[in-house]
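# An overview of the molecular structure
Residue strings, one per chain:
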Amino acid sequence: MYTAHPDRYAEMPYRRTGRSGLKLPALSLGLWHNFGPDRPVETQRAILRRAFDLGVTHFDLANNYGPPPGSAESALGEALKADFRPYRDELVVSTKAGYLMWPGPYGEWGSRKYVLSSLDQSLSRMGLDYVDIFYSHRPDPETPLEETMGALHTAVQQGKALYVGVSNYSPEQTREAARILAELGTPLLIHQPRYSMLDRRPETSGLLDALDELEVGSIAYSPLEQGLLTGRYLDGIPEDSRAASDSPFLNSDAVTEELVGRLRALNDIAASRGQSLAQLALAWVLRQGRVTSALVGASSPRQLEDSVAAIGNLDFDADELARIDKVVQG
C-alpha cells in the first residue's frame, strides 16, 4: 500500500493560475509518451508515486495520449485506484479533447457531440467522476468557437470538470474563447502552448501578452523540445533516442551539426549555473513567473527527479539571458 511522503509539499513552489484560486506546481507531469501497454506497469506507477512525493500534484493527459490513444488515461486510472484514492483531493487531473479518437465525422475536432462524448470516455477510462481541468486541445476551423466553448461550459455545469482551458490556440482565438466563456459564466483558466528556449512563438506571437492581459494562466508543453534540450544529443544522435526512431515529433534531419553546437553552448551555460541542460531549459521557461507551470515527461523516477531539481535555481541575471539568446538566435 502506497503512503505519500509526509514532506511532499516542502520544496515545490506553487503558482496561482491566472486570477483563479487554483495553484499549480511549477512542474507538472505529462503522461504523453511513457504511459501505455508498451511500458512496464510498475515503472509507470513508480513515476507517478515519485512525482507526488516530490510535490508534483498535477497529472496532465489527453484522450489520445498513449500509444495507443486512451491508454495513458487507462494507466492513470489503474494507478489512481491502486495508489491515489486517498489523495484525490490533493491532485489536479487534466485531460483534453480535439484529436482523432474514433472513426467517422464525430471522432475529432470541436463539435459539441465529440467534446462531451470524449469527456465521458475519458472519465470512464480514469475511473473519475470529474477532471479538474478540461481542455479544447486544438481549434476547429469548421465548428463555431461558440459551440466548442459552449461544450466546455456544459462540462462544468454538469460537474464533470472544475475548470476549462484551451491548447494550441492563437492569441486572437484565445481572446475570443475567453470572451465567449466569460459571457457563459465559466472563466478561461489556462492555455497550454508549446514553448521552449528553441520555440518562442508564445512570445513572438503575442500569446503571453494576451494571457497577461486576460489574467489567464499558462502551462508550457515540450519545454525540453522532445529531448533535444537534454544531454542526450550533445554528441549527436544516440541509437536508442527519439530522433533515431520513426517518431513523427522528432527526426534525425532536425539534429544538424549546427544545432548540436548550440546545444553544447547551452550546456556550458547550464554548467556555469550548476545545472544540467534540462534543468536550464525548464528554469528558463519558468523565469519571471509568466508561465504558471512547465510540463515534463519521464521514463523513470530518476529522470523525473532531475527535472524537479530545476526548481532549485529559477533566477537568471541579464548576462545569462543574453548569452542564451545569442546562442539560440545567433
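To keep things clear, this report deals only with the structure shown in the data block.

The next thing to look at is the overall build of the protein. The helix and strand inventory of the protein stands at 11 helices and 10 strands. Radius of gyration (C-alpha) of the protein: 19 Å, near the 20 Å computed for a compact globule of 330 residues. Principal axes of the C-alpha set define a box for the protein whose edges measure 50 × 45 × 40 Å. Each of the 330 residues in the protein was classed as buried or not, and the buried ones make up 56%. Partitioning the intrachain contacts of the protein with sequence separation of at least 6 by distance along the chain shows that 75% fall at a separation of at least 24.

Running from N to C, helix α1 (residues 41-53) and helix α10 (residues 301-308) cross one another at 30°; their axes reach a closest spacing of 9 Å. Taken together, the axis directions place α1 and α10 in an arrangement best described as roughly parallel. Crossing hand, α1 versus α10: right-handed. Within the contact between the two elements, α1 uses A46, I47, R50 and A51 and α10 uses P301, L304 and E305. When its residues are assigned to classes, the contact of α1 with α10 shows five nonpolar, no polar and two charged.

For D235, the location among the structural elements is in the loop between β9 (217-220) and α8 (257-272). With a relative accessible area of 74%, D235 lands in the exposed category.

Now for the packing of helix α5 (residues 171-184) against helix α7 (residues 207-214). Two elements in contact, α5 and α7, have axes separated by 9 Å at closest approach and are oriented at 20°. Our classification of the angle between α5 and α7 gives roughly parallel. Crossing of α5 over α7 shows right-handed handedness. On the side of α5, the interface is formed by P171, T174, R175 and A178, while α7 contributes L207, A210, L211, E213 and L214. Of the residues contributing to the contact of α5 with α7, the split by class is six nonpolar, one polar and two charged.

With that out of the way, let us pick up the nonpolar core. Membership of the largest hydrophobic core comes to 94 residues, with the highest contact counts inside it found for L29, F84 and L266. Setting aside chain neighbours within four positions, we find F84 in contact with Y2, L48, R49, F52, F59, A79 and L91. Core analysis: the next-biggest nonpolar cluster, separate from the first, contains 10 residues, V92, Y135, Y221 and L295 among them.

Turning next to α5. Residues that lie three or four places apart on an α-helix share one face, since the helix turns once every 3.6 residues. For α5, spanning 14 residues, the distance from its first C-alpha to its last is 20 Å, which sits close to the expected 20 Å at 1.5 Å a residue. Turning to α5, its buried residues are P171, T174, A177, A178, I180 and L181. At its buried positions, α5 is contacted by α4 (145-157), β7 (161-167), β8 (188-192) and α7. One or two steps after α5, the chain reaches G185, where phi turns positive at roughly 95°.

This paragraph deals with unusual backbone geometry. In this model, G66 is joined to P67 through a cis peptide bond whose omega is 0°. Tracing the chain through its elements places P67 in the loop between β4 (58-60) and α2 (71-84). Each neighbour pair has its own omega, and for P67 with P68 the value is -10°, a cis peptide bond. With a phi angle near 75°, W109 is a residue other than glycine that sits in the positive phi range. Of note, W109 is situated in the loop between β5 (92-97) and α3 (112-126). With a phi angle near 55°, S222 is a residue other than glycine that sits in the positive phi range. Inspection of the secondary structure assignment puts S222 in the loop between β9 and α8. On the basis of relative accessible area, S222 is assigned to the buried category, the value being 10%.

The rules we used
Residues numbered from 1 in each chain as written. Predicted model: local features only at pLDDT ≥ 70, side-chain atom pairs only at ≥ 80, totals over all residues. Heavy atoms only, no water. Helix = DSSP H or I, 4+ residues; strand = E, 2+ residues; numbered from the N terminus. Rg over C-alpha atoms; globule rule 2.2 N^0.38 Å. Buried < 20%, exposed > 50% of the residue type's maximum accessible area, 1.4 Å probe, protein only. Contact = heavy atoms within 4.5 Å. Axes fitted to C-alpha atoms, helices over the stretch in contact; angles between N-to-C directions. Parallel < 35°, antiparallel > 145°, perpendicular 65-115°, else oblique. Left-handed = near helix turned anticlockwise from the far one by under 90°. Nonpolar A, V, L, I, M, F, W, Y, C, P; charged D, E, K, R; others polar. Core = buried A, V, L, I, M, F, W, Y, C linked by side-chain atoms within 4.5 Å. Expected span 1.5 Å × (residues − 1).

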